[in-house]
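Inside the fold
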Amino acid sequence: MKIVIIALLIIGIFYLSKYWIKTFNIFQELKTHCDKLMGNVNSIKQQRLDNIYALAESVKRYNLHEYNTLLEIIKTRGDLQKFPELKSILPSINALVEQYPNLKSNEMFNRLMGKDSLIENSLKEERFLLNKALREYNQFVRQFPSNMVAIVHQFKELDYTKFVQEEYAPKEIFGTDN
């Protein structure tokens, strides 16, 4: 009888240890998954920030190009006004001079805007996956009997707002400093 009780205790301890180790490993796996998804979200946020700065730079260059083109047009008009004998053909010359060249910065701007839309969709998907993983992890922390392992090994619930509110501080985009 004593041997049966000892054998049952050994078997019970064995299965309890097996469950404990398995549960601990599940916690580690869930936490690692949450960290990986947070890394993905941060990477996409950085990509979004880089794209915003590229857009701002594109707009700056586009505006500078238009400004320089306008100055050239005004200068050319002024130069043409100095020759009275050209007054009859001046309107057609103005029309030729004022034709804008094919602006490449406009195409770059449109491409960057399209890329921004893709980045925002990726960010939305990754945040959805992160929220799902956080929910699974937190549920595992609260459920019995896994919460016993969580208490002993100090696995705490992960805060959704901590993960979501870590935004990058914006820099001055249109300032005078580069």
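Further up the page is the structure itself.
Residues numbered from 1 in each chain as written. Predicted model: local features only at pLDDT ≥ 70, side-chain atom pairs only at ≥ 80, totals over all residues. Heavy atoms only, no water.

Observations concerning the overall build of the protein
Counted only if it meets this: Secondary structure elements follow DSSP: runs of H or I no shorter than four residues count as helices, runs of E no shorter than two count as strands, and numbering proceeds from the N terminus. For the exposure calls, accessible area comes from a 1.4 Å probe over protein chains only, and a residue counts as buried if that area is under 20% of its type's maximum, exposed if over 50%, partly exposed in between. Whether two residues are in contact is decided by their heavy atoms: any pair within 4.5 Å suffices. Computed by Shrake-Rupley with a 1.4 Å probe, the accessible areas treat only the displayed protein chains as cover when residues are assessed.
Within the protein, the regular secondary structure consists of five helices and zero strands. Going from the N terminus to the C terminus, the protein shows its helices and strands as α-α-α-α-α. The proportion of buried residues among the 178 residues of the protein is 24%. A separation of at least 24 residues holds for 82% of the contacts in the protein among residues at least 6 apart in sequence. With the model as given, the accessible surface of the protein reaches about 13200 Å², and the carbon-plus-sulfur share is 62%.

Observations concerning the side chain of D116
Residue placement: D116 occurs in helix 3 (residues 104-142). Apart from the residues lying within four places of it in its own chain, the contact partners of D116 are R48 and N51.

Remarks on the environment of Q28
By the secondary structure assignment, Q28 is in helix 1 (residues 2-81). Judged by relative accessible area, which is 33%, Q28 ranks as partly exposed. With 109 residues separating them in the primary sequence, Q28 and Y137 have C-alpha atoms 9.7 Å apart.

As for the side chain of N138
Relative to the helices and strands, N138 resides in helix 3. A residue is classified by how much of its surface remains accessible, and N138, at 2% relative accessible area, is buried. Those residues in contact with N138 that lie beyond four places of it in its chain are E157, L158 and Y160.

Here's the deal with the environment of G39
Along the chain, the position of G39 falls in helix 1. In sequence terms G39 and L130 are 91 residues apart; their C-alpha atoms lie 9.9 Å from each other.

Considering the pattern of salt bridges
Applied cut-off: Salt bridge, as used here: a side-chain nitrogen of Lys or Arg that lies within 4 Å of a carboxyl oxygen of Asp or Glu.
Counted according to the given criterion, the structure contains four salt bridges. Between E57 and R61 there is a salt bridge, with its nearest N and O atoms 3.5 Å apart. Residue E57 and its partner R61 are located together in helix 1, separated by four residues, close to a single helical turn.

Fair warning: the whole summary comes from geometry, so function is off the table for now.
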